[in-house]
Each structure stands twice: as structure tokens, then as C-alpha cells.
Amino acid sequence: MLNLTKGEYLGSVSKSIAAGGLIIGITDYRSGQSHSPLHAHENAHFSLVLKGTMVVGRKRHSGLQTAAERFSYIQSGEQHQTRLGTSSGKNINLEIEPAFLRRYDLNECHVTQMARSPGAMLMMLRFYNELQKANPCFTDHIDFLVLSLLQDRNKLSKVAPPSWVVILRDLLNVNWDKELSLQQLSEAAGVHPVTISKSFHRYFGCGLGDYRRRIKLERAVELIASGNSSLTSVACACGFFDQSHFIKSFKAGTGMLPKHLRFLSAIQDG
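Figured I'd write up the structure that's included with this text. (Residues numbered from 1 in each chain as written. Predicted model: local features only at pLDDT ≥ 70, side-chain atom pairs only at ≥ 80, totals over all residues. Heavy atoms only, no water.)

1. Let's talk about helix α8 (residues 208-226)
To keep things clear, this is the line we draw: Starting at the N terminus, helices and strands are each numbered in turn, a helix being any DSSP run of H or I of at least four residues and a strand any DSSP run of E of at least two. Here the expected span of a helix is defined as 1.5 Å times the quantity of residues minus one.
Here α8 is 19 residues long and its end C-alpha atoms lie 28 Å apart, about the 27 Å a rise of 1.5 Å per residue gives. Of the residues one or two after α8, Gly227 is the one with positive phi, at around 75°.

2. Comments concerning the packing of aromatic side chains
We describe a pair of aromatic rings using the distance from one ring centre to the other and the angle between the two ring planes. What counts, and what does not: Centres within 6.5 Å are what make two rings of Phe, Tyr or Trp a pair, Trp counting through its six-membered ring; a difference in plane orientation under 30 degrees is then read as stacked, over 60 as edge-to-face, and the rest as tilted. Exposed residues in this analysis have more than 50% of their type's maximum accessible area, buried residues have under 20%, and partly exposed residues fall in between, with area computed by a 1.4 Å probe over protein chains only.
Throughout the structure, instances matching the rule amount to nine aromatic pairs. Relative to Tyr73, the ring of Phe46 has its centre 5.6 Å away and its plane inclined at 75°; by these criteria the two rings are edge-to-face. Here Phe46, found in strand β5 (residues 44-51), pairs with Tyr73, found in strand β8 (residues 71-74); they are 27 residues apart in sequence, far enough to count as distant. Summarising the burial analysis for this pair, Phe46 and Tyr73 share the class buried. Three or more aromatic residues joined by ring pairs form one cluster here, namely Phe46, Phe71 and Tyr73.

3. Thoughts on the packing of α8 against helix α11 (residues 258-266)
Note the threshold: Helix axes use the C-alpha atoms of the stretch in contact, all axes being lines fitted to C-alpha atoms, and the angles between their N-to-C directions lie in the range 0 to 180 degrees. Here the word oblique covers every angle except those under 35 degrees (roughly parallel), over 145 (roughly antiparallel) and from 65 to 115 (roughly perpendicular). In this scheme the handedness of a crossing depends on how the near helix is turned from the far one: anticlockwise by less than a right angle means left-handed, clockwise means right-handed. Contacts are residue-level and defined by heavy atoms, with any inter-residue pair within 4.5 Å sufficient. As a working rule, the residues Ala, Val, Leu, Ile, Met, Phe, Trp, Tyr, Cys and Pro are called nonpolar, Asp, Glu, Lys and Arg charged, and the rest polar, with Gly in that last group.
Packing of α8 against α11 leaves a shortest axis separation of 8 Å and a crossing angle of 40°. On the basis of their axis angle, the class for α8 and α11 is oblique. At the point where α8 passes α11, the crossing takes the right-handed sense. Contacts from Val221, Leu223, Ile224 and Ala225 of α8 reach α11 at Pro258, Leu261, Arg262 and Ser265. Residue composition of the contact of α8 with α11, grouped by class: six nonpolar, one polar and one charged.

4. Some points on the packing of α8 against helix α10 (residues 243-254)
As a packed pair, α8 and α10 sit with axes 11 Å apart at the nearest point and diverge in direction by 95°. By the angle between their directions, the pair α8 and α10 is classed as roughly perpendicular. Only Phe246, Ser249, Phe250 and Gly253 of α10 make contact with α8, whose side of the interface consists of Arg213, Leu217, Ala220, Val221 and Ile224. Taken together, the residues of the contact of α8 with α10 sort by class into six nonpolar, two polar and one charged.

Encoded structure:
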């Protein structure tokens, strides 16, 4: 099996930046790199497909389990393969070194939590946008953006969240396109509405409205990148009042306009 060291990927890495135990880089894949050998990375990393499609096969006891993934989280040492489903592809990666984890008293369980947090895909798009602009102040904000994905803001608590938090998280993610009332959420989670109102920010890292908006924007990213829907249709499908509201929210969440992601995803070879 192939073991890759920090900052190393099987595509062609460009525009890489390292800051305080975090490595951000863009990787381009061509047809000759369409199928990787079984490999693992030294460090855990997030990967967002910006162009093309990527199928990830993860080694499990039952064999290699494969699925197309727009956003991936690969643990350090996790054995996996990747297969390019198109003639070319482009990813942005965020690699998290042990030095970053030690500095903030974190472990890979916290990184897993970050990867599952609505907002991770949006953060990756913001990183891509900043790399393209070559903003010299960008490195000052990387830690803050990554840590903002921690859903339990009482840092780094090693105590598992209450069961209602898990129920609520699953409910909101499954019903991302529905406007569930606080009372409905309360009944489903089995706690008083006041408990949700007072404690939501602590366990989710933002208010209920912001959490819902992040989920909707991430669905929008997937629809835009697929290239199968107009931006107007995407705005409507994701529950935004109108296209103007959608564009404003998308820019605030990712640092780029929806049309720029559409253009990036649709770039043709050559």
C-alpha cells in the first residue's frame, strides 16, 4: 500500500499554502490519473470536488465500499482508493497536522465533528476563493474558520452531547427543505422549546436560522456543481425567497458568487 506524506496527493498539487499546522492546496487530476492505487495519508484531510466527479473507495472489513463523494473526510492512515469519473477533475484539500490539534487540545474525533458540520463545504469554497485572490492576510483567519466548525462551543468538551442534540441534528439535516417550527423540533427531540433556544448555539456553534441556512447552501453547492439546474431553480429548490436573496447568502457563506462556482465546475478540458 502507498503511504503519502503531508501535502502529498496523487494529482498535481498547485497553489498550496501552509499555516500553523494546516495545509490548503488545489489538486488537479487528468485522465492518466483516473484510478489510484490503495493508499493512505499521513494526516487527516477534507477534500471538496470543484470540478468533475470523484468516486472514493474506503477499505472496510467487508471489502472496498465505494461511493461518489462531493465532499470527503479522510482520516489519517485510512486506506482508500479514488477514481476520477470524468476526463479531468479539480479538488481543494485541507490537511490537518498533529501540531494544529495539539495547539488547541483537539483530537481526530473533533476533526470528524468538524467534517460533519454544515459549513465545512462552504469553508472549503472560501479557502479556494482566497487562494485564487492570493490574499496576504488570509493565513491570519484560517484557524478561526476551521475552529468555527466545532459544534460544541464549550470547547473541546470531551463529554458526549445530550441525546436530544443528536436527534435534532439528524432531523434538521434530513428535513433541510422543510420549515419545522420550534414546537415540532421540541416534540421530536423530547425537550422543552426553551432548552433548544438556550442551548442550540452551544452545541451547534450558531443559531438555528444560521444552521438551516448553512445546510441549504451546501445543498445549493451540490446542485450548482452538478450542472443540471439553473441558478434560479437552485435558489427555489433550496428555499430562498428569490435569486437576489440566494446570491447574497451564497456570497456571504463562500466568498464567491454562485455563477463563479458554476463557471468553475463547467470548465472544459483544453
